[in-house]
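Chains, contacts and geometry: an overview
Next come the chains, spelled out residue by residue.
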Amino acid sequence: MKENAFNYKDGNLTYKSEAGDTYEAWAKFPQLPEINGKPLNLNPENTYDSPYLKMKHGTVKAVISYPGFEDVVLEFWEQN
């Protein structure tokens with residue numbers, strides 16, 4: 001990761017990840033950081049969305065799944 005290409009010039013940081021994604025952020029500018037040229041989504045549909053873990057944003061249930069195995073459902077709630 002340390003050897004991945006990055007550039008910082010005139011308040012603009014650009015970084016290329018191991019996965020090939022390009023991240024871009026600006027210092028002292030009101031715009032959102034970008035991933036692959038698209039602004040960062042601050043209200044995503046899913047909190048987690050990977051091949052094995054899914055959770056809709058704003059819900060308390062997460063589902064862990066793997067082919068050939070029964071899904072595991074996790075429920076989260078606030079403690080008072």
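Residues numbered from 1 in each chain as written. Predicted model: local features only at pLDDT ≥ 70, side-chain atom pairs only at ≥ 80, totals over all residues. Heavy atoms only, no water.

It is worth spelling out the packing of aromatic side chains at this point. Taken as a whole and assessed by the stated rule, the structure comprises three aromatic pairs. A ring pair is formed by Tyr52 and Tyr66, whose centres lie 5.3 Å apart and whose planes are at 35 degrees; its orientation type is tilted. Here Tyr52 is found in the loop between strand 6 (46–49) and strand 7 (53–56), whereas its partner Tyr66 is found in the loop between strand 8 (61–64) and strand 9 (72–75), with 14 residues between them in sequence. Residue Tyr52 is classed as partly exposed on the basis of its relative accessible area, which comes to 44%. What makes Tyr66 partly exposed here is its relative accessible area of 47%. Aromatic pair Tyr66 and Phe69: ring centres 5.9 Å apart, planes at 50 degrees, arrangement tilted. Each residue in the set Tyr52, Tyr66 and Phe69 is aromatic and connected to the rest through ring pairs, giving one cluster. (Phe/Tyr/Trp six-rings, centres within 6.5 Å; stacked < 30°, edge-to-face > 60°. Helix = DSSP H or I, 4+ residues; strand = E, 2+ residues; numbered from the N terminus. Buried < 20%, exposed > 50% of the residue type's maximum accessible area, 1.4 Å probe, protein only.)

This part takes up the pairing of strand 7. Across three bridges, the pairing between strand 6 and strand 7 is antiparallel. Looking at strand 7, one finds that Asn46 is bridged to Lys56. In this antiparallel pair of consecutive strands, strand 6 and strand 7, the connection spans three residues. The hairpin formed by strand 7 and strand 8 contains four residues between the paired strands, and Gly58 there has a positive phi angle of roughly 90 degrees. (Pairing = 2+ DSSP bridges.)

This part takes up the sheet that holds strand 8. Spatially, 6-7-8-9 is the arrangement adopted by the four strands of the open sheet, whose pairing is antiparallel. A single partner strand is all that each edge strand has here, and the edge strands are strand 6 and strand 9. With direction set aside, neighbouring strand axes in the sheet form an average angle of 20 degrees. (Axes fitted to C-alpha atoms, helices over the stretch in contact; angles between N-to-C directions.)

With respect to the secondary-structure elements, Asn4 resides in the segment before strand 1 (6–9). Asn4 sits in the buried class, given a relative accessible area of 14%. There is a polar contact of 3.2 Å between the side chain of Asn4 and the side chain of Glu18. Among all residues touching Asn4, those that are not within four sequence positions of it are Tyr15, Lys16, Ser17 and Glu18. (Polar contact = N/O pair within 3.5 Å; in protein donor to acceptor, adjacent residues only side chain to side chain. Contact = heavy atoms within 4.5 Å.)

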